Amino acid sequence: MLQTPTIQPQAYRDAMAQFAGAVHVVTTDGPAGRRGATVIAACSVSDEPPTVLVCLSRKSPGNDVFVDNGCFALNTLGAHHEELSTAFSGVSGLDQETRFGFGAWGALATGAPVLSDAIVVFDCQLVEPKDVATHRVLFGRVTGLRIGDSVTPLIYHRRGYRHL
Ligand SMILES: Cc1cc2nc3c(=O)[nH]c(=O)nc-3n(C[C@H](O)[C@H](O)[C@H](O)COP(=O)(O)O)c2cc1C
């Protein structure tokens, strides 16, 4: 057991790598511009009113557009979306326009881009952004939903993609 007075960031990351998480692309569009990023730090908060949260790094200044637009869509990925997930994770240095070329996109209520073949889409109005440490937690009221075909979900576990 690792027990130290201060848990170092690397030790924390190593521990979190044991989590198996669903992979999503969170998107926004509006006056501040269009943007998407791959995330696993997203979950349900409440079903009444339906509310989700997403944690986005404050180290990417581009992430401010999620707050400026006041809306976002959480697109949950399937096993066939691994390439798209990599494109939106920033590792290949693609600009936003090129990233959106990796899928077919539409919109529901808010105008945030929704992926046509996502497992499920939560279209949200931003109700509250909250800065905590290195990240910004976006709380979103779900104003649109789309449940897609029942395909194998894409999972991220121990720093790699897995298929459930
Ligand atoms: C599997 C995976 C999960 C990720 N999860 C998050 C996350 O939950 N929150 C976050 O801010 N960034 C997360 N990232 C990193 C962002 O996708 C990345 O910082 C962003 O797309 C970079 O965009 P930029 O190059 O435009 O700054 C994740 C990356 C990968 C590969």
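Structural data are supplied above this passage.
As for the overall build of the protein chain
In terms of helices and strands, the protein chain carries four helices and 12 strands. Its C-alpha atoms give the protein chain a radius of gyration of 16 Å, near enough to 15 Å, the size a compact globule of 164 residues would have. With respect to the three principal axes, the spread of C-alpha positions in the protein chain is 50 × 35 × 30 Å. Looking at the protein chain residue by residue over its 164 residues, the buried ones come to 37%. Looking at the protein chain alone, contacts between residues at least 24 apart form 63% of all its contacts between residues at least 6 apart. For the protein chain, the centre of its 13 positive side-chain charges and the centre of its 15 negative side-chain charges are spaced 9 Å apart.

Focus: the site of the ligand
Near the ligand there are 16 residues, and of these Thr-38, Ala-41, Cys-55, Ser-57 and Phe-88 occur at the shortest range. In the model, an oxygen atom of the ligand is placed 2.8 Å from a nitrogen or oxygen of the Ser-57 main chain. The separation between an oxygen atom of the ligand and a polar main-chain atom of Phe-88 is 2.7 Å. Summarising the interface, the protein chains cover 74% of the accessible area of the ligand, which totals 640 Å² for the free molecule. Secondary structure elements with two or more residues in the shell around the ligand: β3 (35–39) and β5 (50–57). Here the element with the most residues in the shell around the ligand is β3; it accounts for four residues.

Observations regarding the packing of aromatic side chains
Two aromatic rings are characterised by how far apart their centres lie and by the angle between their planes. Counted by the stated rule, this structure contains four aromatic pairs. Summarising the aromatic geometry, the rings of Phe-100 and Trp-105 are spaced 5.0 Å apart at their centres and angled 70° between planes, so their arrangement reads as edge-to-face. Seen from their ring centres, Tyr-156 and Tyr-161 are 5.2 Å apart, and the 70° between their planes marks the pair as edge-to-face. Lying across the ring of Phe-100, Arg-34 places its NZ or CZ 4.1 Å from the centre.

Topic: the nonpolar core
In terms of nonpolar packing, the biggest core is built from 15 residues, with Val-26, Val-54, Leu-56, Phe-66 and Phe-72 touching the most fellow members. For this core, the secondary-structure elements that each account for two or more residues are β3, β5, α2 (64–69), β6 (71–76), β9 (120–132) and β10 (135–147). The element contributing the most residues to this core is β5, with three residues. Among all residues touching Val-54, those that are not within four sequence positions of it are Val-26, Val-39, Ala-41, Ala-42, Phe-72, Leu-74, Arg-136, Val-137 and Leu-138. Judged by nonpolar contacts, the second largest core, of 14 residues, contains Leu-84, Val-114, Ala-118 and Val-121.

A few points about the pairing of strand β4 (residues 42–47)
Summarising the sheet, β4 and β5 pair through five bridges and their orientation is antiparallel. Opposite Ser-44, over in β5, you have Val-52 as the bridge partner. Counted between consecutive antiparallel strands, the loop separating β4 from β5 contains two residues.

What to know about the sheet that holds strand β12 (residues 160–163)
Ordered by their spatial adjacency, three strands build an open sheet running β1-β11-β12, and the pairing between neighbours is antiparallel. Only two strands of the sheet have a single neighbouring strand rather than two, namely β1 (21–22) and β12.

What counts as what
- Residues numbered from 1 in each chain as written.
- Predicted model: local features only at pLDDT ≥ 70, side-chain atom pairs only at ≥ 80, totals over all residues.
- Heavy atoms only, no water.
- Helix = DSSP H or I, 4+ residues; strand = E, 2+ residues; numbered from the N terminus.
- Rg over C-alpha atoms; globule rule 2.2 N^0.38 Å.
- Buried < 20%, exposed > 50% of the residue type's maximum accessible area, 1.4 Å probe, protein only.
- Contact = heavy atoms within 4.5 Å.
- Lys, Arg positive; Asp, Glu negative; His and termini not counted.
- Charge placed at Lys NZ, Arg CZ, Asp CG, Glu CD.
- Near = heavy atom within 4 Å.
- Polar contact = N/O pair within 3.5 Å; in protein donor to acceptor, adjacent residues only side chain to side chain.
- Areas by Shrake-Rupley, 256 points an atom, 1.4 Å probe, with all protein chains shown as cover.
- Phe/Tyr/Trp six-rings, centres within 6.5 Å; stacked < 30°, edge-to-face > 60°.
- Lys NZ or Arg CZ within 6 Å of the ring centre and 35° of its normal.
- Core = buried A, V, L, I, M, F, W, Y, C linked by side-chain atoms within 4.5 Å.
- Pairing = 2+ DSSP bridges.

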